[in-house]
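Each chain, written out:
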Amino acid sequence: MAINVQQFIKLANYYNQTAMTMSAICVQKGGIAMENYVGRFYAADVLEYIVEYGRRLIAAEKNLSPEIVGLVNRFAAQFERVRDLTTPTQKPIHEMTLAEFEKIMNI
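The structure presented is a predicted model; accordingly, all values stated were derived computationally and were not measured.

Undergrad: Could you give an account of the side chain of Glu 48, naming the residues involved and the relevant values?
TA: For Glu 48, the position within the fold is in helix H2 (residues 40-60). Among buried charged residues, Glu 48 stands out as having no salt bridge; its nearest opposite-charge side chain is Arg 83, 5.8 Å away. Setting aside its immediate chain neighbours within four residues, Glu 48 contacts Phe 79, Thr 86, Pro 92 and His 94.

Below, the structure written as structure tokens:
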């Protein structure tokens, strides 16, 4: 997948939809705190991927809009708060080859 702004925006929208859905689920389940919801680990993994994608986008694009850079920085700040929730691996998912990912996922 080529690193570009449109893909980053799609990923950002996906994460925002996921966060909104998680919030709705927590309310529906009786108002449990987001910190106690099991999906928080998945959201942390998605956020890790988006932050790394954004960092690579910033490195690749010369004339990137300040709004996109600001969005990457906001996601990075969010990620720092949930870094300890990410799935532990010897190698981060965004650095894996497809073969490595398939091996880990038993595909």
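Undergrad: With reference to specific residues and values, describe the packing of aromatic side chains.
TA: Evaluated as defined, the whole model comprises four aromatic pairs. Aromatic pair Phe 8 and Phe 75: ring centres 6.4 Å apart, planes at 75°, arrangement edge-to-face. A residue pair is termed long-range when its members are at least 10 positions apart, and Phe 8 in helix H1 (residues 5-28) and Phe 75 in helix H3 (residues 66-82) qualify at 67 residues. Here the aromatic rings of Tyr 15 and Phe 75 are separated by 5.7 Å at their centres, their planes lie at 90°, and the arrangement is edge-to-face. Of this pair, Tyr 15 sits in helix H1 while Phe 75 is found in helix H3, placing the two residues 60 residues apart along the sequence. A single burial state applies to Tyr 15 and to Phe 75, both of which are buried.

Undergrad: Account for the nonpolar core, naming residues and giving values.
TA: Counting residues in each nonpolar core, the largest one holds 20 residues, and the members touching the most others are Phe 8, Tyr 15, Ile 50, Ile 68 and Phe 75. For this core, the secondary-structure elements that each account for two or more residues are H1, H2 and H3. When sequence neighbours within four positions are dropped, the list of residues in contact with Ile 50 reads Phe 8, Leu 11, Ala 12, Tyr 15 and Phe 75.

Undergrad: Provide a residue-level description of the environment of Met 22, including the pertinent values.
TA: Looking at the secondary structure, you find Met 22 in helix H1. Sequence spacing of Met 22 and Lys 103 is 81 residues, and the spatial spacing of their C-alpha atoms is 29 Å. Sequence-distant contacts of Met 22, that is, excluding residues within four places in its chain, are made with Met 34, Tyr 37, Gly 39, Arg 40 and Ala 43.

What counts and what doesn't
- Residues numbered from 1 in each chain as written.
- Predicted model: local features only at pLDDT ≥ 70, side-chain atom pairs only at ≥ 80, totals over all residues.
- Heavy atoms only, no water.
- Helix = DSSP H or I, 4+ residues; strand = E, 2+ residues; numbered from the N terminus.
- Buried < 20%, exposed > 50% of the residue type's maximum accessible area, 1.4 Å probe, protein only.
- Lys, Arg positive; Asp, Glu negative; His and termini not counted.
- Salt bridge = Lys/Arg side-chain N within 4 Å of Asp/Glu carboxyl O.
- Contact = heavy atoms within 4.5 Å.
- Phe/Tyr/Trp six-rings, centres within 6.5 Å; stacked < 30°, edge-to-face > 60°.
- Core = buried A, V, L, I, M, F, W, Y, C linked by side-chain atoms within 4.5 Å.

That is the geometry; function is a separate question.
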